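The chain contents come next:
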Amino acid sequence: MTEASRIIAGAILLTIVTIQFGGYFMTKIVRGQVPMTDFQKSFARAGHAHAGVLVILSLVGLLYVDQTGLTGVLLWVARLAIPVAAILMSAGFFASSAGKGRTQPNQFLWVLWLGAASLALGVLTLGIGLIVA
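Keep in mind that this is a model prediction, so the values were computed, not measured.

**Here's the deal with the UniProt feature "transmembrane region" (unreviewed entry) in the protein**
Inference 1: This chain's UniProt record puts "transmembrane region" (unreviewed entry) on residues 6-25, 46-64, 76-96 and 108-132.
Inference 2: Secondary structure within residues 6-25 divides into 95% helix and 0% strand; the distance between the first and last C-alpha atoms comes to 30 Å.
Inference 3: Structurally, residues 76-96 is divided into 100% helix and 0% strand, and its ends, taken at the C-alpha atoms, are 29 Å apart.

**Observations concerning the environment of Gly101**
Inference 1: Its place among the elements puts Gly101 in the loop between α4 (72-96) and α5 (109-132).
Inference 2: Once the C-alpha coordinates of Gly101 and Gln40 are considered, the two residues, 61 residues apart in sequence, prove to be 8.3 Å apart.
Inference 3: When sequence neighbours within four positions are dropped, the list of residues in contact with Gly101 reads Thr37 and Gln40.

**Re the pattern of salt bridges**
Inference 1: Tallied over the full model, the rule gives two salt bridges.
Inference 2: Among the ionic pairs, Arg79 bridges to Asp66, the shortest N-O distance being 3.0 Å. Of this pair, Arg79 sits in helix α4 while Asp66 sits in the loop between α3 (38-65) and α4, and the two are 13 residues apart along the sequence.
Inference 3: Judged by its relative accessible area of 22%, Asp66 falls in the partly exposed class.

**A look at the packing of α3 against α5**
Inference 1: At a closest axis distance of 12 Å, the pairing of α3 and α5 adopts a crossing angle of 25°. Judged by the inter-axis angle, α3 sits roughly parallel to α5. α5 is crossed by α3, and the crossing has left-handed handedness. In this structure, α3 uses Phe43, Leu54, Leu57, Gly61, Tyr64 and Val65 to contact α5, whose residues at the interface are Leu109, Leu119, Val123, Leu126 and Leu130.
Inference 2: Here the contact of α3 with α5 is built from residues that sort into 10 nonpolar, one polar and no charged.

Analysis parameters
- Residues numbered from 1 in each chain as written.
- Predicted model: local features only at pLDDT ≥ 70, side-chain atom pairs only at ≥ 80, totals over all residues.
- Heavy atoms only, no water.
- UniProt positions renumbered as here; feature names shortened; annotations may be inferred.
- Helix = DSSP H or I, 4+ residues; strand = E, 2+ residues; numbered from the N terminus.
- Contact = heavy atoms within 4.5 Å.
- Salt bridge = Lys/Arg side-chain N within 4 Å of Asp/Glu carboxyl O.
- Buried < 20%, exposed > 50% of the residue type's maximum accessible area, 1.4 Å probe, protein only.
- Axes fitted to C-alpha atoms, helices over the stretch in contact; angles between N-to-C directions.
- Parallel < 35°, antiparallel > 145°, perpendicular 65-115°, else oblique.
- Left-handed = near helix turned anticlockwise from the far one by under 90°.
- Nonpolar A, V, L, I, M, F, W, Y, C, P; charged D, E, K, R; others polar.

Here is the structure:
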């Protein structure tokens, strides 16, 4: 593993503490200690789940990225687009459902879609990079 991938993997592992805190917060939500609409509860679950899954996918991707022949910008896209997607997609779920009594997404839903684009870009770049290596 290259030094750059190793450092990024270390930073990604440190984010798991925030996901753990999110899990604790989810237990407060399901126990009714945090008043939320059904819409907000579903977006909180989705944001938490996407964070966890995409962080794991980010770590797996880093194991593969150095096996590609990618260089320059494409190498960095393959390294960073998936972890950036984890941040943006989770933030999009949480931010777009913020506000007392909200029953549908607010104007911050675009953050979720930006994260989806980052995820697509990252997995396509990494996947193609592995195939042609």
